[in-house]
Amino acid sequence: MGGSSEYRLFSVDDLLSNEVLQAGQATARGHHLGTRPDLDAAEMYLSREDGLLVRGVWPHSARKSWMVSRIIDVVSRAMTGKWGQLGYIELYSGPGRLLDRSTSKELPGSPVEALRLSTPFDRYVFCDFDEDCVTALRQRCDQEPMGSRSRVFQGDAKEIDHLERVARQFGRGTLVIAYLDPARPRDMTWHTVQTLANRLPTVDLIINLPVHSLQRAISGPHGRNAEAHAAGAFLGHPEPSDLMHWDRTHAHQPQGTMDAIRGFYDRQLQSLGFLPPARRIVEITPGVPYYDVLYASRHPLGVNLWNKANPPEPPPPSLLDGLDQLP
Ligand SMILES: C[S@@+](CC[C@H](N)C(=O)[O-])C[C@H]1O[C@@H](n2cnc3c(N)ncnc32)[C@H](O)[C@@H]1O
């Protein structure tokens, strides 16, 4: 493992107040293993329930998990019987169990949630590049009634051979849902998305687009260093600083830059034959976007199912609301 400061990019800890952090650290009572810089700087623990590795998360992760569980539940119920097979991929699986650091509660991770669907997929492929995550996840899958439908591979989602091996697990006529949940820009490249999309013509993608970290990497004080480079590789943009947005006084506008990142990524997906993706924004604190959860499909039904599973939120109340009811 390398030194954590060397590898640390922007963890959620950078965005939370000290009070929240202290409360979270005090209540997270699993056996604390600390951060894993080779992994993605997440805090890791040993589970109180099964003694295996768990990943520390903050409450915003619950919203992402909820949206992902909802869409895969809706897709599996709607599509079972309409396709030869239904397949499910996670390239960033984690250990299969999470610890909410603010409440100290343990929750199933996304792979385990996917195995527990009421209408399960026919075949699951879960991957992580971390050996300890893979070991823990294998043991957890073995405990699940649908575990025999799953394979757990250790592999780097940025490596073509690994992606080819994953794609080979699914025959023609399989509708595949692939969930890509990298914690940081440096954990994924545009090539990952491109390869999956090219190798699996009937894949729908659920992507965690870390807009906040991308924006900071592109516009931060170390604008031309490794982080900006990683952001460019993530987006498939040769000159990501071109996405920076400025106001008339030449001050940087982070919100405008995040919108430019979104627009660019949507166009990238469309260049692979996907329709404009559905998007839900997960905020770290009200008004501060942390990441977007995207659903990209080449078929309009995919986005329709997403909207059914995760209805867009009503716009925030406006001062004009209720004016028509005034006397
Ligand atoms: C955000 S966690 C996934 C959490 C999981 N979706 C859940 O909700 O339970 C991201 C995982 O990706 C793994 N990872 C990071 N970079 C990777 C890479 N290049 N290839 C494969 N796995 C990677 C990390 O080890 C970590 O376990």
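Residues numbered from 1 in each chain as written. Predicted model: local features only at pLDDT ≥ 70, side-chain atom pairs only at ≥ 80, totals over all residues.

Caption draft 1: Highlighting the overall build of the chain. Scanning the chain for helices and strands turns up 11 helices and 12 strands. Split into buried and exposed, the 327 residues of the chain put 40% on the buried side. (Helix = DSSP H or I, 4+ residues; strand = E, 2+ residues; numbered from the N terminus. Buried ≥ 20, exposed ≤ 12 C-beta atoms within 10 Å, placed from the backbone.)

Caption draft 2: Structural context of the pairing of strand 8 (residues 150-154). Bridge analysis of strand 7 (residues 123-128) against strand 8 gives five bridges, and the strand direction is parallel. Opposite Asp-128, over in strand 8, you have Gln-154 as the bridge partner. A crossover links strand 7 with its parallel partner strand 8, the connecting element being helix 5 (residues 131-143), and its sense is right-handed. (Pairing = 2+ DSSP bridges. Right-handed = clockwise from strand over helix to strand, strands pointing away.)

Caption draft 3: Inspection of the packing of helix 3 (residues 60-79) against helix 11 (residues 300-309) at higher detail. It is at 9 Å that the axes of helix 3 and helix 11 come closest, and there the two elements cross at 125°. Put simply, helix 3 runs oblique to helix 11. Every pair of crossing elements has a handedness; the one defined by helix 3 and helix 11 is right-handed. For the pair helix 3 and helix 11, the contacting residues are Arg-70, Ile-71, Val-74, Val-75 and Ala-78 in the first and Leu-305, Trp-306, Lys-308 and Ala-309 in the second. Looking at the contact of helix 3 with helix 11, its residues break down into seven nonpolar, no polar and two charged. (Axes fitted to C-alpha atoms, helices over the stretch in contact; angles between N-to-C directions. Parallel < 35°, antiparallel > 145°, perpendicular 65-115°, else oblique. Left-handed = near helix turned anticlockwise from the far one by under 90°. Contact = placed C-beta atoms within 7 Å. Nonpolar A, V, L, I, M, F, W, Y, C, P; charged D, E, K, R; others polar.)

Caption draft 4: Structural view of the site of the ligand. Near the ligand lie 21 residues; those nearest to it are Tyr-92, Gly-94, Gly-109, Ala-157 and Asp-187. Grouping the constituent residues of the shell around the ligand by class yields nine nonpolar, five polar and seven charged. (Near = placed C-beta within 6 Å.)

Caption draft 5: Focus on the packing of helix 8 (residues 211-219) against helix 9 (residues 226-235). In contact at an axis separation of 7 Å, helix 8 and helix 9 are set at 130° when each is read in the N-to-C sense. Compared by their axis directions, helix 8 and helix 9 come out oblique. With respect to the hand of their crossing, helix 8 and helix 9 are arranged in left-handed fashion. Here Leu-214, Ala-217 and Ile-218 of helix 8 come into contact with helix 9, specifically with Glu-227, Ala-228, Ala-230, Ala-231, Phe-234 and Leu-235. Within the contact of helix 8 with helix 9, the residues separate by chemical class into eight nonpolar, no polar and one charged.

Caption draft 6: Broad picture of the pairing of strand 11 (residues 278-285). Across seven bridges, strand 11 lies against strand 12 (residues 288-296) in antiparallel orientation. Residue pairing across strands places Glu-283 opposite Pro-289, the latter belonging to strand 12. What sits between the antiparallel neighbours strand 11 and strand 12 is a turn of two residues, in which Gly-287 has the positive phi angle 85°.

Caption draft 7: Expanded view of the confidence of the model for the chain. Model confidence for the chain is summarised by a mean pLDDT of 87, while 83% of its residues fall at 70 or above. Confidence drops under a pLDDT of 50 for residues 1-28, and excluding neighbours within four residues, the segment shows 39 contacts in the predicted structure. Overall, residues 320-327 carries pLDDT values under 50, and its contacts beyond four positions in sequence, including any with other chains, amount to zero contacts. (pLDDT = per-residue confidence, 0-100.)

Caption draft 8: Spatial organisation of helix 8. Counting buried residues in helix 8 gives eight out of nine residues, a clear majority hidden from the surface. Looking only at helix 8, the buried set comprises Val-211, His-212, Ser-213, Leu-214, Gln-215, Arg-216, Ala-217 and Ile-218.

Caption draft 9: Quick look at the environment of Met-44. Looking at the secondary structure, you find Met-44 in strand 2 (residues 43-46). Distance in space between the C-alpha atoms of Met-44 and Arg-55 is 4.8 Å, their sequence separation being 11 residues.

Caption draft 10: Geometry of the nonpolar core. With 75 residues, the main nonpolar core has Ile-71, Ala-178, Leu-180 and Ile-206 as its most contacted residues. Those residues in contact with Ile-206 that lie beyond four places of it in its chain are Val-68, Ile-71, Ile-177, Tyr-179, Leu-180, Val-293 and Tyr-295. (Core = buried A, V, L, I, M, F, W, Y, C linked by C-beta atoms within 7 Å.)

Caption draft 11: Fine view of the sheet that holds strand 9 (residues 174-180). Sheet architecture is open: seven strands sit in the order 8-7-4-9-10-12-11, paired in mixed fashion. In the strand order of this sheet, the two ends are held by strand 8 and strand 11, each with one partner. On average, each strand axis in the sheet is inclined to that of its neighbour by 15°, with strand direction left out of account. Summarising the sheet, strand 10 (residues 203-209) and strand 12 pair through five bridges and their orientation is antiparallel. By the bridge assignment, Ile-207 is partnered in strand 12 with Leu-294.

Caption draft 12: Representation of unusual backbone geometry within the structure. A positive phi angle, near 70°, is found at Ser-104, a position not held by glycine. Among the structural elements, Ser-104 can be located in the loop between strand 5 (97-100) and strand 6 (106-108). A residue is classified by how many C-beta atoms lie within 10 Å of it, and Ser-104, with 15 of them, is partly exposed. Phi is positive for His-250, which is not a glycine, with a value near 70°.

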